[in-house]
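Chain by chain, the residues:
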Amino acid sequence: MIEQKIVILTGAGISAESGIDTFRASGGLWENHRIEDVATPQGFAANPALVHEFYNARRRALETAAPNPAHDALARLQNSAAHDVFIVTQNVDDLHERAGSTVHHMHGELLSVKCAACDWQWESRSDIDITARCPACQTRASVRPDIVWFGEMPYGMEKIEGRLAACDLFVSIGTSGAVYPAAGFVQMAKAFGARTLEINLDPSEGSAFFDETRRGKAGRLVPDWVDEILS
Ligand code: BV8
């Protein structure tokens, strides 16, 4: 079997069967709040308590969520060492890690917080609020979720682009293709000659760019695909 360089992009759909709301499903996260109010620097500046509560609720929800067969299958693929697998996720949950994968969180992580004054980052599983103080610079009210909001630069873009330029296969799992720059990765991979596969429950905004699309739930389709790619 020839080793392939594989880049896998995941979105909220891979965590849906773990009971974590996606963003655009009815009753999804955004529908309880306007994006501008909870996922922008302006929203945080205007009402930090609301934004802290929005992320505290999602952090707490992680305690009762568990990886599903899709997360487990990607960890099996990555740890098989049969191929060179780079997983970049838009998700801020820790389900890939708990399944045993190494992933790059391009939009930050629920279990990480940072200081807006000195950029210090640390892990936090507990609620944070406006009284929190930065352990490094001791500034008060500068502690924020370590999340990439709209208008902020996603983490590690150079690393991601380097991987997309070198990969043989780009796989997108559980994302609506609505948010950039992640939504543009398929076109970048194609431009560099990679084959492209989409695994998603519904058509996405980028489906037309993929060589192959498989419609259905990640919990079933991803293990099937991993079995194929490992056989
Ligand atoms: C930036 C963290 C620049 C927050 C998130 C006009 C054109 C192009 C771009 C823009 C534009 N106007 C503004 C922009 C830029 C903007 C953007 O793209 N806006 C969109 C709305 C048009 N992007 C940004 O601002 C980005 N930054 O551009 O910076 C810059 C340049 C220089 C210097 C500084 C800055 C930053 C965007 C990051 C925002 N943060 N997340 C949080 O989590 O709270 S975005 C958030 O939504 C996610 O992280 C994800 O990226 C995005 C989309 O969510 P999905 O994961 O796709 O989930 P969704 O619910 O949408 O879809 C789920 C899918 O799963 C569905 O398709 C469904 O069918 C499927 N599914 C469901 N169940 C299953 C399933 N599939 C399989 N199995 C199942 N069981």
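Everything that follows concerns the structure shown earlier in this document.
Notes on the structure in this doc start here.

Parameters and conventions
- Residues numbered from 1 in each chain as written.
- Predicted model: local features only at pLDDT ≥ 70, side-chain atom pairs only at ≥ 80, totals over all residues.
- Heavy atoms only, no water.
- Pairing = 2+ DSSP bridges.
- Helix = DSSP H or I, 4+ residues; strand = E, 2+ residues; numbered from the N terminus.
- Axes fitted to C-alpha atoms, helices over the stretch in contact; angles between N-to-C directions.
- Contact = heavy atoms within 4.5 Å.

**Some points on the sheet that holds strand S6 (residues 143–147)**
Backbone-to-backbone hydrogen bonds join strands into a sheet, with any given pair of strands oriented parallel or antiparallel. Spatially, the three strands line up as an open sheet ordered S5-S4-S6, and their pairing is antiparallel. Each of the sheet's edge strands pairs with one partner strand only, and the pair in question is strand S5 (121–123) and S6. Neighbour-to-neighbour, the strand axes of this sheet turn through a mean angle of 40°, independent of strand direction. Sheet topology places strand S4 (residues 108–115) next to S5; three bridges connect them, and they run antiparallel. Looking at S5, one finds that serine 112 is bridged to glutamate 123. Packed on one face of the sheet, helix H4 (residues 48–62) meets S4 and S6 and runs near 135° to S4.

**What to know about unusual backbone geometry**
Cis geometry marks the peptide bond from tyrosine 180 to proline 181, where omega comes out at 0°. The residue proline 181 is located in the loop between strand S7 (169–173) and helix H8 (185–191) in this model. In this structure, glutamine 138 takes a positive phi of about 65° despite not being glycine. Mapping glutamine 138 onto the fold places it in the loop between S5 and S6.

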